Amino acid sequence: MLTAIAALIVVGLVALGIFQRRANVANLRDVADEESVPEVQVISPAPGPATRTVTLPGTIKAWYSAPIYAQVSGYVLKWYKDYGAPVKAGDLLATIDAPAVDEQYESSQANLDVAQTNYNLAVVTANRWTALAGTQAVSQQEVDVQVASAAAKKAQARVAQHEVARYKVLEGFKRIVAPFDGIVTSRDTDVGNYVNAAGGDVSARGAADELFSVSDIHEMRVFVSVPQDYAAMLKPDLTATLSLPQYPNRTFNATYQTTANAFNPQTRTVVTELLVPNPDHLIWPGTYADVKFVVPTNPDVLVVPEQALVFRAQGTQVALVDADNKVHLQDVQLGQNFGQTVQITSGLKRSDRLITNPSAGILEGETVRIVQGVPGIAPDAQFHANMDASKNLTPAQRAKVEAARNDDASQ
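Residues numbered from 1 in each chain as written. Predicted model: local features only at pLDDT ≥ 70, side-chain atom pairs only at ≥ 80, totals over all residues. Heavy atoms only, no water.

(A) Just the nonpolar core, in detail. Counting residues in each nonpolar core, the largest one holds 28 residues, and the members touching the most others are L93, I176, V184, F212 and V214. If you list the elements that add at least two residues to this core, you get β4 (51–69), β7 (92–97), α2 (99–131), α3 (140–172) and β11 (210–227). Here this core takes five residues from α3, the largest share from any one element. With 27 residues, the next largest nonpolar core counts V54, V222, Y256 and A289 among its residues. (Core = buried A, V, L, I, M, F, W, Y, C linked by side-chain atoms within 4.5 Å. Buried < 20%, exposed > 50% of the residue type's maximum accessible area, 1.4 Å probe, protein only. Helix = DSSP H or I, 4+ residues; strand = E, 2+ residues; numbered from the N terminus.)

Right, dumping it as structure tokens:
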């Protein structure tokens, strides 16, 4: 009797174990079938922004900037303005000792005196011969020769006058002066330096060196190389704000001045000039600036996150999810890139549902399961999710799956 009872108990336990194992296997099979379907997040395309911000590097230059060279060869006698000195037009910057020019000037004056004396004598002689014309004392040919000689002497005197004027101008070039109101931005000479003329002294030989540079900084020019993609924004009413590294908490307003109307074939950019007032002289020539443009865009053009795009041999696509949760790979045309989002000019409707971050191996017609996004990973609020949460596993289902796994592991 005891043996029979024990046998019945063993058989019952075995049957219960088999029943539970089959139930666990069935549950695991259901869970595996469900988990074999990829979980995806979906969004709908969002309207494009009304404006967009474009930030490009820019270089600031002075309103006017002039390198100043010597026009006569000689030695720097003295300089009067140093770095950063404000100057007015005509202010003396330096003086040059040019003895060769002094001697040439004196020589030209002496040559003028000789030429003027010869001309005066030729005039007196011509007048005397002219008075004797028509008599037997002189021939008409001799009279004509003396008159022509006087005219030649006059021309020689005029040449001598021009030589004197030329060397007088060179004498004035011994004084280096500021060409306009501004700031001395460089001084590349010192007392005693020998300088060569930069074209003013024809007798000079050798390379000419820059002595000073003067810049007018009451208003600054900002030069920006604008890529071809953004060239449409270059219009007369365009404005920009400048951010400078030395003033991190301050911006400066700039206005559009002009553009080159031609692209550089090497960089595919167009040089654009902006103007920024500088009444306090806070902005210096040569400064680097971040130039921020705010330009209008068409909000009717839909935008999607960049990670929603699929790039394949067929072209650019997005993975749409239809009403039956089947994937459809849709060809799209891209517009402007806004950084994290990109315009879709054709191929999408506002009501479409597209996978936020499709895998590289996603297939046409593949079944997917839509899930809610994880906070911090979910799409931005501007993209409206249209998800069917009824197909998600409930917490009770999840608990049941975990219990089945644990039971199977214990057996």
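(B) Region of interest: the packing of aromatic side chains. A complete count under the given rule lists four aromatic pairs for this structure. Each ring, one from Y75 and one from Y194, has its centre 5.1 Å from the other, and the planes form 65°; the classification is edge-to-face. Note that Y75 is positioned in strand β5 (residues 74–79) and Y194 in strand β10 (residues 194–195), a separation of 119 residues in sequence. You can call Y75 partly exposed: its relative accessible area is 45%. Residue classification places Y194 among the partly exposed residues on the basis of a relative accessible area of 46%. Seen from the ring of Y167, R166 lies directly overhead, with NZ or CZ sitting 4.9 Å from the centre. Over the ring of W79 we find R187; its NZ or CZ atom is 4.0 Å from the centre of that ring. (Phe/Tyr/Trp six-rings, centres within 6.5 Å; stacked < 30°, edge-to-face > 60°. Lys NZ or Arg CZ within 6 Å of the ring centre and 35° of its normal.)

(C) Main features of the sheet that holds β5. In space, the four strands of this open sheet follow the order β8-β7-β5-β10, with antiparallel pairing throughout. The strands lining the two open edges of the sheet, one partner per strand, are β8 (175–177) and β10. (Pairing = 2+ DSSP bridges.)

(D) Up close: the side chain of E273. Relative to the helices and strands, E273 resides in strand β14 (residues 269–277). Accessibility expressed as a relative area gives 11% for E273, which makes it buried. Excluding residues within four positions of it along the chain, E273 makes contact with R221, V222, F223, T255, Y256, Q257 and T258. (Contact = heavy atoms within 4.5 Å.)

(E) Highlighting the pairing of strand β9 (residues 182–187). Within β9, five of the six residues are buried, leaving the element largely enclosed by the surrounding structure. Here strand β6 (residues 86–87) pairs with β9 via two bridges, running antiparallel. Note that in β9 the partner of V87 across the bridge is G182. Here β9 runs beside β11; their pairing, made up of four bridges, is antiparallel. Along β11, the bridge assignment pairs I183 with S215.

(F) Region of the structure containing α2. If you check α2, its first and last C-alpha atoms are 48 Å apart, about what 33 residues at 1.5 Å a residue would give, namely 48 Å. Residues V101, Y105, S108, L112, A115, A122 and A126 constitute the buried set of α2. Looking at the buried side of α2, the elements it contacts are α3. (Expected span 1.5 Å × (residues − 1).)

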